[in-house]
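As a plain string of letters, each chain reads:
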Amino acid sequence: MGIDKVEAGDAELVLRIRAGDLEAYSELVARYRDRLGRYAVHMIGNREDAEEALQDAFVRAYRSLARCNDPARFGAWLYGILVNRCRTTGARASRRHKMFVHDEDALNGAAHADQAERVEWADVVGRALAKLSPECREAFLLKHVEDLEYEEMAELTGAGISALKMRVKRAREHLQQILKEAEHV
Amino acid sequence: MFDQQEPGEEEIVERVVRALKRPVYIDRALDARVMSEIARPAPAQPMTRRAWTRRAWPWLAAAAALAAIVIARPWSRDRTPPQSGALQFVLIAPQAASVSLVGDFNDWDPTRAPMRAARDGVWATVVSLSPGRYRYAFLVNGVEWRADPTAPVARDDEFGSPSSVVTVGGRGS
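Definitions and cut-offs
- Residues numbered from 1 in each chain as written.
- Chains lettered and ligands numbered in written order.
- Predicted model: local features only at pLDDT ≥ 70, side-chain atom pairs only at ≥ 80, totals over all residues.
- Pairing = 2+ DSSP bridges.
- Helix = DSSP H or I, 4+ residues; strand = E, 2+ residues; numbered from the N terminus.
- Contact = placed C-beta atoms within 7 Å.
- Nonpolar A, V, L, I, M, F, W, Y, C, P; charged D, E, K, R; others polar.
- pLDDT = per-residue confidence, 0-100.
- Core = buried A, V, L, I, M, F, W, Y, C linked by C-beta atoms within 7 Å.
- Buried ≥ 20, exposed ≤ 12 C-beta atoms within 10 Å, placed from the backbone.
- Expected span 1.5 Å × (residues − 1).
- Axes fitted to C-alpha atoms, helices over the stretch in contact; angles between N-to-C directions.
- Parallel < 35°, antiparallel > 145°, perpendicular 65-115°, else oblique.
- Left-handed = near helix turned anticlockwise from the far one by under 90°.

**Focus on the sheet that holds strand S3 (residues 116–117) of chain B**
Residues and elements named next belong to chain B.
Then, number 1: Pairing within the open sheet is antiparallel, and its three strands lie in the order S1-S4-S3. Looking at strand neighbours, the two that pair on one side only are strand S1 (85–92) and S3, the edges of this open sheet.
Then, number 2: As defined by bridge partners, S3 adjoins strand S4 (residues 122–129) across two bridges and the pair is classed as antiparallel. Its bridge partner being in S4, Arg116 is matched across the sheet by Ala124.

**A short note on the interface of chain A and chain B**
Then, number 1: Counting from both sides, the interface comprises 39 residues of chain A and, opposite them, 32 residues of chain B.
Then, number 2: Put simply, the parts of the chain that give the side of chain A that touches chain B at least two residues each are helix H2 (23–44), helix H3 (47–63), helix H4 (74–96), helix H6 (113–131), helix H7 (134–145) and helix H9 (161–183) of chain A.
Then, number 3: When residues in the side of chain A that touches chain B are grouped by element, the largest group, ten residues, is from H2 of chain A.
Then, number 4: The class makeup of the residues in the side of chain A that touches chain B is 20 nonpolar, nine polar and ten charged.

**A short note on the confidence of the model for chain A**
Residues and elements named next belong to chain A.
Then, number 1: For chain A, the average pLDDT comes to 84, and 80% of its residues sit at 70 or higher.
Then, number 2: The weakest mean pLDDT in chain A belongs to helix H5 (residues 104–109) at 49; the strongest belongs to H7 at 95.
Then, number 3: For the stretch residues 102–107, pLDDT sits under 50, and the model shows nine contacts to residues farther than four places along the chain or on other chains.

**With respect to the nonpolar core**
Then, number 1: Among the nonpolar cores identified, the biggest contains 59 residues, and Ala40, Leu54, Leu78 and Leu82 of chain A are the most heavily contacted of them.
Then, number 2: A per-element tally of this core places H2 of chain A first, with ten residues.
Then, number 3: Once residues lying within four places of it in the same chain are set aside, the contact partners of Leu54 of chain A are Leu36, Gly37, Ala40 and Leu82 of chain A together with Ile26 and Leu30 of chain B.
Then, number 4: Val102, Trp108, Tyr134 and Ala147 of chain B belong to the second largest nonpolar core, which has 27 residues in total.

**Brief notes about the confidence of the model for chain B**
Residue and element names in this part refer to chain B.
Then, number 1: Residues of chain B with pLDDT of at least 70 account for 67%, and the chain-wide mean is 74.
Then, number 2: Across chain B, the element-wise mean pLDDT spans from 36 in helix H4 (residues 66–72) up to 93 in helix H2 (residues 29–38).
Then, number 3: The model gives residues 1–5 a pLDDT under 50, and that stretch makes six contacts with residues more than four places away or in other chains.
Then, number 4: In the model, residues 46–78 has pLDDT below 50 throughout and makes 51 contacts with residues more than four positions away in sequence or in other chains.
Then, number 5: Taken over the whole predicted complex, pTM reads 0.66, whereas the ipTM for its chain interfaces reads 0.81.

**Quick look at unusual backbone geometry**
Then, number 1: If you check the backbone angles, Asp147 of chain A has positive phi at about 60 degrees while not being a glycine.
Then, number 2: Along the chain, the position of Asp147 of chain A falls in the loop between H7 and helix H8 (150–157).
Then, number 3: Positive phi, close to 55 degrees, is recorded for Asn141 of chain B, a residue that is not glycine.
Then, number 4: By the secondary structure assignment, Asn141 of chain B is in the loop between strand S5 (132–140) and strand S6 (144–146).

**Some thoughts on the pairing of strand S7 (residues 164–168) of chain B**
All names here are of chain B.
Then, number 1: Among the five residues that make up S7, five are buried, leaving the element largely enclosed by the rest of the structure.
Then, number 2: The alternating pattern of S7 places Ser164, Val166 and Val168 on one face and Val165 and Thr167 on the opposite face, and all of these are buried.
Then, number 3: Relative to S7, S5 runs antiparallel, the two sharing five bridges. Its bridge partner lying in S7, Arg135 is registered against Val165.

**Observations regarding H3 of chain A**
Then, number 1: When the terminal C-alpha atoms of H3 of chain A are compared, their 24 Å separation across 17 residues agrees well with the 24 Å that a helix rising 1.5 Å per residue should span.
Then, number 2: Burial runs high along H3 of chain A: 13 of the 17 residues are buried.

**Brief notes about the packing of H2 of chain A against H3 of chain A**
All names here are of chain A.
Then, number 1: In contact at an axis separation of 9 Å, H2 and H3 are set at 140 degrees when each is read in the N-to-C sense. The angle between H2 and H3 falls in the class oblique. For the crossing formed where H2 meets H3, the hand is right-handed. Side by side, H2 and H3 meet where Tyr25, Val29, Leu36, Gly37, Ala40, Val41 and Ile44 of the first sit next to Arg47, Asp49, Ala50, Ala53, Leu54, Phe58 and Tyr62 of the second.
Then, number 2: For the contact of H2 with H3, the class distribution of residues is eleven nonpolar, one polar and two charged.

**Side note on the packing of H7 of chain A against H9 of chain A**
All names here are of chain A.
Then, number 1: Where H7 contacts H9, the two axes come as close as 8 Å, and the packing angle between them is 95 degrees. Here H9 runs roughly perpendicular to H7, going by the angle between their axes. Together, Glu135, Cys136, Arg137, Ala139, Phe140 and Lys143 of H7 and Leu164, Arg167, Val168, Arg170, Ala171 and His174 of H9 make up the contact between the two elements.
Then, number 2: Of the residues belonging to the contact of H7 with H9, the class tally is six nonpolar, one polar and five charged.

**Notes on the environment of Tyr150 of chain A**
All names here are of chain A.
Then, number 1: Residue position: Tyr150 is located in helix H8.
Then, number 2: With 17 C-beta atoms packed within 10 Å, Tyr150 lands in the partly exposed category.
Then, number 3: Discounting residues that sit within four places of it in the chain, Tyr150 has contacts with Ile161, Leu164 and Lys165.

So this is what it looks like as structure tokens:
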């Protein structure tokens, strides 16, 4: 998914909201909830905090909708707000408790061995991701999971392209190191 | 632990990415919480001590000596938070055809606080604010966002355009 991909109907929905149609916003929330939620969960590493950040991003975006200069790119604009919210929430959460998504329920409920292994692997990945610095985790997720171009990442994060490339490189190296060690445990 | 064979470095990253790209379930109740929240009036943000502020000026008094106020900027030496009530916002923009004041207090809606042009390109408007911390900006000619050059920059702003901060104190604070 590139940040420049224009969601059909986003501009129309934004214009309807600006004209006072509050319900049109619920369509945008439903449209972006899961996609942005995935980023928030991986970035913050805690589902409750991630949903709080996501909710906050949606509310802030609504209240500042007049500042969305290009309604057709509402998704990219909203993404920028969420990235910022995740930074704030993540910093707060890391002071409060150690982060990572540990899906014990999913692990216990896994019916098959391969499913259990997949859940266990996801847990290992979550722990490894939590060991990265927030900057490296952010860059890795935006580049490899959200499939953004470096120019798009620079626009969202405010960081330079060379710095972002370095962060992605470090994240890859660090993940490889952590996960190789995990596989030898 | 997961594979019998020693995986290559690229393969590890690919497996990580595959795991992270799987859909993540987000509580559908979030939609209702968002819609409930946005139906409420926007709250002012909590005040911060470090925010610089400027003194409130009643509109009529300010209008009488607008140019002098802009040049002298008496509030720049006074960091006492302005009191809640009518606050005047001023921007010098001689080339502008229109200027609006937008901020947290009016949902960033440029139609709610259009500024009036006085002489020498001085634009001004007055809004009533309750105690709190607000981010705001000027929208020039309907397209150009400008922060207030006399106020602190809003560093916690994430909307992609410059903005400023004003902190309003309560009566008697």
